[in-house]
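# Working through the structure, step by step
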Amino acid sequence: MSSALTDLFPHPIVQAPMAGGVSVPQLAAAVCEAGGLGFLAAGYKTADGVYQEIKQLRSLTSRPFGVNVFMPQPEYADPASIDVYAHQLAGEATWYEAELGDPDSGRDDGYETKLAVLRDNPVPVVSFHFGVPSREVIDSLHRVGTFVLAAATTPDEARAVERAGADGVIAQGVEAGGHQGTHRDIPELDGAGIGLLSLVAQIRETVSIPIVAAGGIMRGGQIAGVLAAGASAAQLGTAFLATHESGANALHKQALTNPLFVRTELTRAFSGRPARGLVNRFLREHGPYAPPAYPEVHHLTSPLRKAAAKAGDAQGMALWAGQGHRMARELPAGQLVEVLAGELATARAVLSGGGGVL
């Protein structure tokens, strides 16, 4: 298996790109400087915003980093179902004194203009979520020296990633926080995701490209586990969400270990696409009725989520988190990388018969 990816960073630790203001340049830089692979999230930003963040990150570190891009979504949402959901959310709008967003605010997240930025200002790694780019897009990134990854939640999706010419696949287990990176949004399969260790093992027998394992990983021992299962590196999101440099709202960080939030669920309540978050009032009340309509529902609820955060009400926010959220550690990001690397070394020593206790 090619080591072109892991040659870019000393520790097999990737900071997941978390859209919505979490993956700021300061976080990515701290991870890179500590020997991991930091990531920026292009999702929900303008192309110029992405360019400015790349520029800022380059002023903070000279080490390799990545940028994540959302794939455009096909139009298959039922407009009537969106109208019904908007009517249901009217009470939320009144409560937070906010207007509902326009569900028709855009479908492609500025995909082409962001690709243009990444071709004109090449970065070491680009990853894709919600599908696989065309071979032409991947080839164009290869021509400027970029290593390309794409997320997969099943072996079949991983096969599609390899066929498209990507250099590696992000195996995203059902434990992962935030949006599931399924290539097609099929409501009938909600909750039918594959656990990470099983997924990594299946994908390892399906493709020959490197695997980055993602989903619920919070400790170095877990990293050792996915490496033993066939991954080349581990991607952690929730673990870095709680760090000092993370751009997450303070309420979101506190909620990860707050006894009030005891579990996570996959929900369409906030965006119209399955995403794992802490169970709060908004998720409980609206999750069962949210239509499969992304990004329309995302645009619709955006003002409500912002108003809830401004009001200091975590019960109305999208508190994205993986299943391991209670294991979050409030550390500087660089220190977290060092701690994880130490735990990984200890776990590897135990697994290789070198003694010690995990």
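Residues numbered from 1 in each chain as written. Predicted model: local features only at pLDDT ≥ 70, side-chain atom pairs only at ≥ 80, totals over all residues. Heavy atoms only, no water.

A separate point is the overall build of the protein. Of regular secondary structure, the protein possesses 14 helices and 11 strands. For 358 residues, the compact-globule formula gives about 21 Å, and the C-alpha radius of gyration of the protein, at 19 Å, lands near that figure. Dimensions of the protein, computed from the C-alpha atoms along their principal axes, are close to 60 × 45 × 40 Å. Counting across all 358 residues of the protein, residues that qualify as buried make up 56%. Counted over contacts in the protein with a minimum sequence separation of 6, partners at least 24 positions apart contribute 69%. Element-wise, carbon and sulfur atoms account for 53% of the exposed surface of the protein, whose accessible area totals about 14,300 Å². (Helix = DSSP H or I, 4+ residues; strand = E, 2+ residues; numbered from the N terminus. Rg over C-alpha atoms; globule rule 2.2 N^0.38 Å. Buried < 20%, exposed > 50% of the residue type's maximum accessible area, 1.4 Å probe, protein only. Contact = heavy atoms within 4.5 Å. Areas by Shrake-Rupley, 256 points an atom, 1.4 Å probe, with all protein chains shown as cover.)

Let's shift gears to the sheet that holds strand S3 (residues 65-70). In spatial order, the strands read S1-S9-S8-S6-S5-S4-S3-S2; together these eight strands make up an open sheet with parallel pairing. Looking at which strands have only one partner, the edges of the open sheet turn out to be strand S1 (13-15) and strand S2 (38-41). Along the sheet, successive strands turn relative to each other by an average axial angle of 25 degrees, direction set aside. Where S2 and S3 come together, four bridges link them in parallel fashion. What sits directly across from glycine 38, in S3, is phenylalanine 65. Running at roughly 160 degrees to strand S5 (residues 147-152), helix H7 (residues 155-163) makes contact with S5 and strand S6 (168-172) of the sheet. (Pairing = 2+ DSSP bridges. Axes fitted to C-alpha atoms, helices over the stretch in contact; angles between N-to-C directions.)

Moving on to the layout of surface pockets. Empty space among the atoms becomes apparent when a probe as large as a water molecule is rolled across them. The volume enclosed by the second largest pocket comes to roughly 360 Å³. The wall of the second largest pocket is formed by 19 residues, among which Thr153, Glu157, Thr182, Arg184 and Leu189 lie closest to the centre. Classifying every residue of the lining of the second largest pocket by side-chain character gives seven nonpolar, seven polar and five charged. (1 Å grid on protein atoms, 1.4 Å probe; cavity = no way out; pocket = protein on both sides within 12 Å on 5 of 7 lines; lining within 4 Å. Points joined across faces, edges and corners; volume = space filled by probe spheres on them. Nonpolar A, V, L, I, M, F, W, Y, C, P; charged D, E, K, R; others polar.)

With that out of the way, let us pick up the packing of aromatic side chains. In this structure the tally under the stated criterion is six aromatic pairs. When the centroid spacing of 5.6 Å and the interplanar angle of 85 degrees are considered together, the rings of phenylalanine 270 and tryptophan 320 count as edge-to-face. Of this pair, phenylalanine 270 sits in the loop between strand S10 (264-267) and strand S11 (275-278) while tryptophan 320 sits in the loop between helix H13 (296-310) and helix H14 (333-351), and the two are 50 residues apart along the sequence. Across the pair, tryptophan 320 and phenylalanine 270 agree in class, each one buried. (Phe/Tyr/Trp six-rings, centres within 6.5 Å; stacked < 30°, edge-to-face > 60°.)

What follows concerns the nonpolar core. Grouped together as the largest cluster of nonpolar side chains are 103 residues, with contacts concentrated most on Ile54, Val67, Phe128, Val169, Ile223, Leu236 and Phe240. Excluding residues within four positions of it along the chain, isoleucine 54 makes contact with Leu40, Phe65, Val67, Val117, Leu118 and Val123. Membership of the second largest hydrophobic core comes to 13 residues, among which are Val125, Phe147, Ile170 and Val212. (Core = buried A, V, L, I, M, F, W, Y, C linked by side-chain atoms within 4.5 Å.)

Another point: unusual backbone geometry. In the segment running from tyrosine 294 into proline 295, the intervening peptide bond is cis, with an omega of 10 degrees. Here proline 295 shows up in the loop between helix H12 (281-286) and H13. The phi torsion at glutamate 97 lies on the positive side, around 50 degrees, for a residue other than glycine. The residue glutamate 97 is located in the loop between helix H4 (90-96) and helix H5 (111-120) in this model. The backbone of aspartate 109 shows a phi angle near 55 degrees, a positive value even though the residue is not glycine. For aspartate 109, the location among the structural elements is in the loop between H4 and H5.

Time to look at the packing of helix H1 (residues 25-33) against H14. Contact geometry of H1 with H14 gives a least axis separation of 7 Å together with a crossing angle of 35 degrees. Viewed along their axes, H1 and H14 form a crossing whose handedness is right-handed. Between H1 and H14, the residues in contact are Leu27, Ala30 and Val31 and Ala333, Gly334 and Val337, respectively. Partitioning the contact of H1 with H14 into residue classes produces five nonpolar, one polar and no charged. (Left-handed = near helix turned anticlockwise from the far one by under 90°.)

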